[in-house]
Amino acid sequence: MVGYDPEAKCVSTVEAAVAGSASGFVTRVLISPLDVIKIRFQLQIEQLSSRNPGAKYHGILQAVHRILQEEGLVALWKGHVPAQFLSVGYGAVQFMAFESLTKLVHNITSYDARDSFVHFVCGGLAACTATVAVQPVDTLRTRFAAQGEPKIYRNLRHAVVTMYQTEGPRTFYRGLTPTIIAIFPYAGLQFYFYNILQQFSEWVIPAEGKKGGNVKNLVCGSCAGIISKTLTYPFDLFKKRLQVGGFEQARAAFGQVRIYRGLLDCIRQIIREEGPGGFFKGLSPSLLKAAVSTGLVFFWYELFCSLLCALKHTDSTKR
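Position numbers for residues count from 1 along each chain, tracking the sequence in the order it is written. Whole-chain, interface and lining totals are the exception, using all residues; otherwise, since this is a predicted model, local features are given only for residues with pLDDT of at least 70 and side-chain atom pairs are given and counted only at 80 or more. Side-chain metrics rest on all non-hydrogen atoms present in the structure, leaving aside hydrogens and water.

This part covers the overall build of the protein. Within the protein, the secondary structure is distributed over 10 helices and 0 strands. Reading the protein from its N terminus to its C terminus gives the helix and strand order α-α-α-α-α-α-α-α-α-α. Relative to the compact-globule value of 20 Å for 319 residues, the protein shows a C-alpha radius of gyration of 20 Å, a close match. By its C-alpha atoms, the protein is 65 × 40 × 40 Å across when sized along the principal axes. Note on classification: 1.4 Å probe, protein chains only; a residue is buried when its accessible area is under 20% of the maximum for its type, exposed when over 50%, partly exposed between these limits. Burial analysis of the protein (319 residues in total) assigns 50% to the buried set. Contacts are residue-level and defined by heavy atoms, with any inter-residue pair within 4.5 Å sufficient. Sequence separation of 24 or more characterises 79% of the internal contacts of the protein that already satisfy a separation of 6 or more. By the criteria applied, helices consist of DSSP H or I runs no shorter than four residues and strands consist of E runs no shorter than two, each listed in order from the N terminus. As a reference, a globule follows 2.2 Å times the number of residues to the power 0.38, and the radius of gyration itself is taken over C-alpha atoms.

In this section: the UniProt feature "repeat: Solcar" (unreviewed entry) in the protein. Residues given the UniProt feature "repeat: Solcar" (unreviewed entry) here are residues 11-104, 114-200 and 212-307. End C-alpha to end C-alpha, residues 11-104 measures 15 Å, and it is 72% helix and 0% strand. UniProt positions are given in the numbering used here, feature names are shortened, and annotations may be inferred rather than shown by experiment.

Before going further, it helps to examine the UniProt feature "transmembrane region" (unreviewed entry) in the protein. Per the UniProt record, "transmembrane region" (unreviewed entry) is found at residues 290-311. In residues 290-311, helix accounts for 100% and strand for 0%; the two terminal C-alpha atoms are 31 Å from one another.

Stacked, edge-to-face and tilted labels apply to pairs of Phe, Tyr and Trp rings (six-membered ring for Trp) whose centres lie within 6.5 Å, assigned for plane angles under 30 degrees, over 60, and everything in between, in that order. The full count for this structure, using the stated rule, is 15 aromatic pairs. When the ring of F235 is compared with that of F238, the centres are 5.7 Å apart and the planes differ by 85°; the resulting orientation is edge-to-face. One end of the pair is F235 and the other is F238, both in helix 7 (residues 213-243) and 3 residues apart, which spans about a single turn. Of the residues examined, F235 reaches a relative accessible area of 28% and is grouped as partly exposed. In this structure F238 comes out as buried when scored by relative accessible area, which is 4%. Chaining the aromatic ring pairs together yields one cluster made of F95, F98, F191, Y194, F298 and Y301.

When the parts of a complex come together, some accessible area is lost, and that lost area is often taken as the interface size. For the purposes of this description, domain bounds are those given by an automatic or database domain assignment. Assigned domains within the protein: domain 1 (1-59 + 281-312), domain 2 (78-173) and domain 3 (175-280). For domain 2 and domain 3, the distance between their C-alpha centroids amounts to 14 Å. Across the contact, 31 residues belong to domain 2 and 26 residues belong to domain 3. Across the interface of domain 2 and domain 3, roughly 2,300 Å² is buried in total on both sides, 67% from carbon and sulfur atoms. The largest contributions to the domain 2 side of the interface with domain 3 come from S116, F120 and R143, which together make up 22% of the buried area. The residue K239 makes a salt bridge to D138 at a minimum N-O spacing of 3.0 Å. At the level of elements, helix 3 (80-108) and helix 4 (116-146) are the ones that each hand at least two residues to the side of domain 2 that touches domain 3. Sorting elements by how many residues they give to the side of domain 2 that touches domain 3 places helix 4 first, with 19 residues. Buried area: the accessible area, evaluated with a 1.4 Å probe, that two parts lose upon being put together, summed over both parts. Just to be clear on terms, a salt bridge is a Lys or Arg side-chain nitrogen sitting within 4 Å of an Asp or Glu carboxyl oxygen.

A separate point is helix 6 (residues 176-204). Taking 1.5 Å as the rise per residue, helix 6 with 29 residues should run 42 Å; its terminal C-alpha atoms sit 41 Å apart, in good agreement. In this analysis the local bend is the angle between axes fitted, respectively, to the seven residues ending at and the seven residues starting at the residue. Maximum bend of helix 6: about 30°, positioned at I183, with proline P185 one to four residues after it. Working rule for helices: expected span equals 1.5 Å times residues minus one.

This paragraph deals with the pattern of salt bridges. By the definition in use, this model includes 18 salt bridges. The partner of K289 in a salt bridge is D35, with the nearest N and O atoms 2.9 Å apart. Here D35 lies in helix 1 (residues 13-43) and K289 lies in helix 10 (residues 283-318), a separation of 254 residues in the sequence. The two residues K289 and D35 agree in class, both being buried. Members of the salt-bridge network, linked through shared partners, are R28, D35, K38, D138, K229, D236, K239, K240 and K289.

Before going further, it helps to examine the side chain of T232. Mapping T232 onto the fold places it in helix 7. Every residue in contact with T232, bar those within four places of it in the chain, is listed here: A182, P185, Y186 and L189.

This part takes up the side chain of R241. Within the secondary structure, R241 is located in helix 7. Distance and chemistry together define a polar contact, namely a pair of N or O atoms within 3.5 Å, with one atom able to donate a hydrogen and the other to accept it when in protein, and with adjacent residues in sequence counting only for side-chain atoms on both sides. Separated by 3.0 Å, the side chains of R241 and E274 make a polar contact. Residues contacting R241, with those up to four places away along its chain left out, are Q42, L43, Q44, I45, Y260, C266, I270, E274 and K281.

Laid out in structure tokens, this is it:
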């Protein structure tokens, strides 16, 4: 059901936006702790190893224990309010754009809207559109997840006013370049592999059909998330490093801090100081998050679309 289906004609553009935003909301609540840990790992200059005495975080379980010990359970949901705005807005724009683009391709070209390559291109373009729309919220989410104690920002309004007054409006779009560079292939590959895996599962287990569809959607989405995240991960790390520029005071408690003049300078400093492995810091929680979040996003989106279709069918039957 992901993407325009000329045979089904069930989900409208508005309904796709509603299903996408609802999917993003539910998924964000469940994966927020993994996101906080991933961001902490990405921003740590020191090697993620227990053999490094200067490293604050060594691994996932150790990071969870330390965050709980120092900041409490609520810290695992730091930045959750802007993150929810991000997820709801991103989900709505992404799926609305994706459905519209696949429909447009079907109507004005000879390509099949269900083709995997079409899903790759349309998925990438839809994600770029959604990214530009929600980038300021993403920057706010990263700042909240990254700050330690005492907090620099008391709440969302205080963060927006402070950042605008001290750093200017452009600060809300810090890290946009690597984000756009990374998001097209990342999201495109998500939709591409999800489509391929769905087709493969139907070929391998043709009887699966309707009976185990929800589980199949979850598994296909999780696998698509792992593959696409691994291939595009370094750009996510660059984005996070650039987003906390000008935020060094709040990062002091976490270890060393660096100032980057731009994307290329960020890449050069990481290679020089942290080696090639620095590009993949936080990959473990990120892959775990990608598997869970992508699987849940597609799972909930398909489920909400099915519910909307069922409601429409019920209404038409009553009439």
